[in-house]
Amino acid sequence: MTRAWIEVGGQPAYHRLCAAIVALARAGVARLTARDGDPLLAPPSAQFASRVSELQAAWHAAEAVVPGGGPLGRLARLLRKSDAFVEGVLFALTAAPALDRGIAIAYRALEPGGAAVPSAGLSAGLLLDLTSTVDTHRFALAAALHPDAALRRSGLVRAGLRPDEIVGAASPVEVASTALAVLRCEPVPPPTGATELWP
């Protein structure tokens, strides 16, 4: 586990990855807040796109620390199902509130009535809104949350109340504890999902 904290560019590699995930979520929250504040003004997506590129670079840097990538490498291989890094972005936005309390609070504030419910989690609708401000793109992104799609089939992300549920906008979405442990460079607990990550 110690090797994973070797510094890359003056920053521990896994710290850099978690920071990139949180930065992406903040950019998504800012973009969505701006869009909802003025529905006639489409906010620029340049910052969000830049954060996606930073996230990809952080993945590669963290993987390079351990020969073969270790658990993080296996996690990354499960995510890389499309050239557009769609699964990586959805996974990061799902994991962010578990990594940063400020993101969790911001997500709740964006959910209808969520600010009044401290335990309110991330919904599939909000996740897709954070990922894209374009309606047609969100419809396409929803396919990545299908039970047979990589994120759910691998157990990295749980969505809905049943493993085979087709999620709707209000369906809950959360990151698996095994995947969260990998992001934090912690020992991976015995598998209850994402079994590919367990040594």
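Shown above is the structure to which this text applies.
Everything numeric in this text was worked out from a predicted model, so none of it was measured.

Asks: Would you mind going over the pattern of salt bridges with me for this structure?
Replies: A side chain of one charge can pair with a side chain of the opposite charge when the charged atoms of the two come close. Scanning the entire structure with this criterion turns up 6 salt bridges. The salt bridge partner of aspartate 129 is arginine 138, with a shortest N-O separation of 3.0 Å. Of the residues examined, arginine 138 reaches a relative accessible area of 13% and is grouped as buried. For the salt bridge of glutamate 174 with arginine 158, the shortest nitrogen-to-oxygen distance reads 3.1 Å. Of this pair, glutamate 174 sits in strand E5 (residues 172-175) while arginine 158 sits in strand E4 (residues 157-159), and the two are 16 residues apart along the sequence. A relative accessible area of 41% means that glutamate 174 is categorised as partly exposed. Overall, the relative accessible area of 36% leaves arginine 158 in the partly exposed class. Salt bridges here are not isolated pairs; linked through shared partners, they connect Asp129, Asp135 and Arg138.

Asks: Honestly, the sheet that holds strand E3 (residues 122-123) in this entry has me stumped. Any pointers?
Replies: For sheets, the rule is that strands pair by backbone hydrogen bonds, running either parallel or antiparallel. Here 3 strands make up an open sheet; going across it, the order is E3-E5-E4 and the pairing antiparallel. The sheet is open, and its two edges are formed by E3 and E4, each paired on a single side. Where E3 and E5 come together, 2 bridges link them in antiparallel fashion. Of the residues in E5, the one forming a bridge with leucine 122 is valine 173.

Asks: So what exactly am I meant to see when it comes to the nonpolar core here?
Replies: Most often, soluble globular proteins have nonpolar side chains that are buried together. Residues Leu17, Leu55, Trp59, Phe91, Leu93 and Tyr107 are the most contacted members of the largest nonpolar core, which totals 56 residues. Per-element accounting of this core gives the leading share, 12 residues, to helix H1 (residues 13-37). Excluding its chain neighbours within four sequence positions, the residues that come into contact with leucine 93 are Leu24, Ala25, Phe48, Tyr107, Leu122, Leu127, Leu130 and Thr131.

Asks: Where do I start with the packing of aromatic side chains in this structure?
Replies: Pairs of aromatic rings are described using the distance from one ring centre to the other and the angle between the two planes. Scanning all chains against the criterion turns up 1 aromatic pair. Between tryptophan 59 and phenylalanine 91 the ring centres are 6.5 Å apart and the planes differ by 40 degrees, which places this aromatic pair in the tilted class. With a gap of 32 residues between them, tryptophan 59 in helix H2 (residues 46-65) and phenylalanine 91 in helix H4 (residues 86-99) connect regions that are remote in the sequence. Accessibility expressed as a relative area gives 2% for tryptophan 59, which makes it buried. Phenylalanine 91 sits in the buried class, given a relative accessible area of 0%. Lying across the ring of phenylalanine 48, arginine 31 places its NZ or CZ 3.9 Å from the centre.

Thresholds applied
- Residues numbered from 1 in each chain as written.
- Predicted model: local features only at pLDDT ≥ 70, side-chain atom pairs only at ≥ 80, totals over all residues.
- Heavy atoms only, no water.
- Salt bridge = Lys/Arg side-chain N within 4 Å of Asp/Glu carboxyl O.
- Buried < 20%, exposed > 50% of the residue type's maximum accessible area, 1.4 Å probe, protein only.
- Helix = DSSP H or I, 4+ residues; strand = E, 2+ residues; numbered from the N terminus.
- Pairing = 2+ DSSP bridges.
- Core = buried A, V, L, I, M, F, W, Y, C linked by side-chain atoms within 4.5 Å.
- Contact = heavy atoms within 4.5 Å.
- Phe/Tyr/Trp six-rings, centres within 6.5 Å; stacked < 30°, edge-to-face > 60°.
- Lys NZ or Arg CZ within 6 Å of the ring centre and 35° of its normal.

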